[in-house]
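# Summary of the model geometry
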Amino acid sequence: MEEKNYFKNMFKGIDDNIILDEDQINIIKDKSKCLIVVAGAGSGKTTTMSAKAKYLVDYGLYKNSEILIISYTNKAVKEIDDYVNSKFNLNIDIMTFHKLALNILKNNNCKVNLLSDRSKFNIFKDIILSYNNTSDIMKIINNYNKLGNNIAKDINNVDEMTIFCIECIDYLKTKGISDTKAFLYSKITDDKLYYFVDFLLYIYKKYDEYCNTKNFYDFDDLIIKCIKYVNKDTIPYRFIIIDEYQDISKIRFNIVEKLSNFCNITVVGDDWQSIYSFSGSSVSYFLDFKEKMNANMLMIKNTYRNSLELVKITGNFVMRDDSLIRKDLNSNKHLKNPINICFYRKN
């Protein structure tokens, strides 16, 4: 198969406007054990991932059943599936981390009763109501907030306390913190908060015990508890592509690291677009991927969505953060009129 014509005609009859650039072709052909693809906004990430999957199959490097594409949301999965399976007709598995974790658990004969948000809320609320001094805890938090520390918005009833506790514990689980007590105690800046931390640890312990007795799993539990079953004998995949990797969390990284023992891993993302740190993700897993996984790093430098003028202004602003990956993005699009930047002063 003549490569030049292969890439030229890859999207013919599917989307004749797509012409793969040199960066995209290099990524598609790359055979590194671990690869990190730095792709800016509008650079054609979905196009590149879809084309790489097609290339792997067409050139006989992997069977369809050995390839997996992971993304973060069902919407993103559907978008990738539209290219890979509907248009390219590859019949490749595409799923979220949670779906992968659920499949791993079920394939290992684990009984999984997945909790709905409402059921999870009710379990937490019942545990909180069983605690003797819930009203005192609410007072401590609200008084602390009045000093300008803002642990949370004012908590006026048990329902609001329940939501707050769920958010706190979900964050701890997503961060993959093994010694929760030591971690929380290390964050205390006021002696009064020891009372709140002990309360939170009580809720966490009771919730975990209850779920274990009922085989209940929330979404974080799926990822945390599937880890011990990840091995080459139970996982059929040998090549995995992971989308939006800049939003990876500790518990998801644990899966990726273990999969890398027997799979080739390609991760795609943009550290400039990391937005989920509030829910436990950390851009450090993206920034450190090259070193930690001994990975090759390639970039897509062209953007097909935004003008060169906008790309330069936003790029110069973002790159004030020296910890981020340096990029010099290009675009063939131009604006006729200059960009106006408006500043607003808060009265």
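Described below are features of the structure shown in this document. (Residues numbered from 1 in each chain as written. Predicted model: local features only at pLDDT ≥ 70, side-chain atom pairs only at ≥ 80, totals over all residues. Heavy atoms only, no water.)

The phi dihedral of Asn89 falls on the positive side, at around 55 degrees, and the residue is not glycine. Within the secondary structure, Asn89 is located in the loop between helix H4 (74-87) and strand E3 (93-96). With relative accessibility at 63%, the residue Asn89 sits in the exposed group. Here the phi dihedral of Glu244 falls at roughly 50 degrees; this positive angle occurs in a residue that is not glycine. You can see Glu244 is positioned in the loop between strand E6 (239-242) and helix H12 (250-259). (Helix = DSSP H or I, 4+ residues; strand = E, 2+ residues; numbered from the N terminus. Buried < 20%, exposed > 50% of the residue type's maximum accessible area, 1.4 Å probe, protein only.)

Let us now look at a nonpolar patch on the surface. On the surface, Leu310, Ile313, Leu335, Ile339, Ile341 and Phe343 cluster together into a nonpolar patch covering about 560 Å² of accessible area. With respect to the secondary-structure elements, Ile313 resides in helix H15 (residues 308-318). Take Ile313: its relative accessible area is 35%, and that puts it in the partly exposed class. (Patch = residues over 30% accessible without salt bridge, like charges linked within 9 Å, V, L, I, M, F, W, Y side chains within 5 Å. Areas by Shrake-Rupley, 256 points an atom, 1.4 Å probe, with all protein chains shown as cover. Salt bridge = Lys/Arg side-chain N within 4 Å of Asp/Glu carboxyl O.)

Here we take up the packing of aromatic side chains. Taken as a whole and assessed by the stated rule, the structure comprises 15 aromatic pairs. Taking the centre distance of 5.7 Å and the plane angle of 20 degrees together, the rings of Phe7 and Tyr55 count as stacked. Of this pair, Phe7 sits in helix H1 (residues 3-8) while Tyr55 sits in helix H3 (residues 45-58), placing them 48 residues apart in sequence. Each ring, one from Tyr245 and one from Phe289, has its centre 5.3 Å from the other, and the planes form 75 degrees; the classification is edge-to-face. Of this pair, Tyr245 sits in the loop between E6 and H12 while Phe289 sits in helix H14 (residues 289-292), and the two are 44 residues apart along the sequence. Each member of the pair, Tyr245 as well as Phe289, carries the same accessibility label: buried. Over the aromatic face of Tyr83 sits the side chain of Lys87, whose NZ or CZ is 4.4 Å from the ring centroid. Lys225 extends its terminal NZ or CZ atom over the ring of Tyr217, reaching a point 5.0 Å from the ring centre. (Phe/Tyr/Trp six-rings, centres within 6.5 Å; stacked < 30°, edge-to-face > 60°. Lys NZ or Arg CZ within 6 Å of the ring centre and 35° of its normal.)

This next bit is on the packing of helix H2 (residues 22-29) against H3. Put simply, H2 and H3 touch, their axes get as near as 9 Å, and they point 40 degrees apart. On the basis of their axis angle, the class for H2 and H3 is oblique. Handedness of the H2/H3 crossing: right-handed. Residues Gln24, Ile27, Ile28 and Lys29 of H2 pack against Thr48, Ala51, Lys52 and Tyr55 of H3. By residue class, the composition of the contact of H2 with H3 is four nonpolar, two polar and two charged. (Axes fitted to C-alpha atoms, helices over the stretch in contact; angles between N-to-C directions. Parallel < 35°, antiparallel > 145°, perpendicular 65-115°, else oblique. Left-handed = near helix turned anticlockwise from the far one by under 90°. Contact = heavy atoms within 4.5 Å. Nonpolar A, V, L, I, M, F, W, Y, C, P; charged D, E, K, R; others polar.)

In this section: the sheet that holds strand E2 (residues 67-71). Spatial ordering of the open sheet is given by E3-E2-E6-E7-E1-E8, a layout of six strands whose pairing is parallel. Whereas interior strands pair on both sides, the edge strands pair on one side only; in this sheet they are E3 and strand E8 (296-300). Taken over all neighbouring pairs, the strand axes of this sheet differ in orientation by 20 degrees on average, direction set aside. The pairing of E2 with E3 spans four bridges and is parallel. Each residue of the ladder has a partner; that of Leu68, found in E3, is Asp93. (Pairing = 2+ DSSP bridges.)

So, about helix H5 (residues 97-107). Those residues of H5 lying buried are Phe97, His98, Leu100, Ala101, Leu102, Ile104 and Leu105. Check the buried side of H5 and you find it contacts E2, E3, strand E5 (216-217), helix H11 (219-226), E6 and H12.

Any functional reading would require information that these geometric values do not contain.
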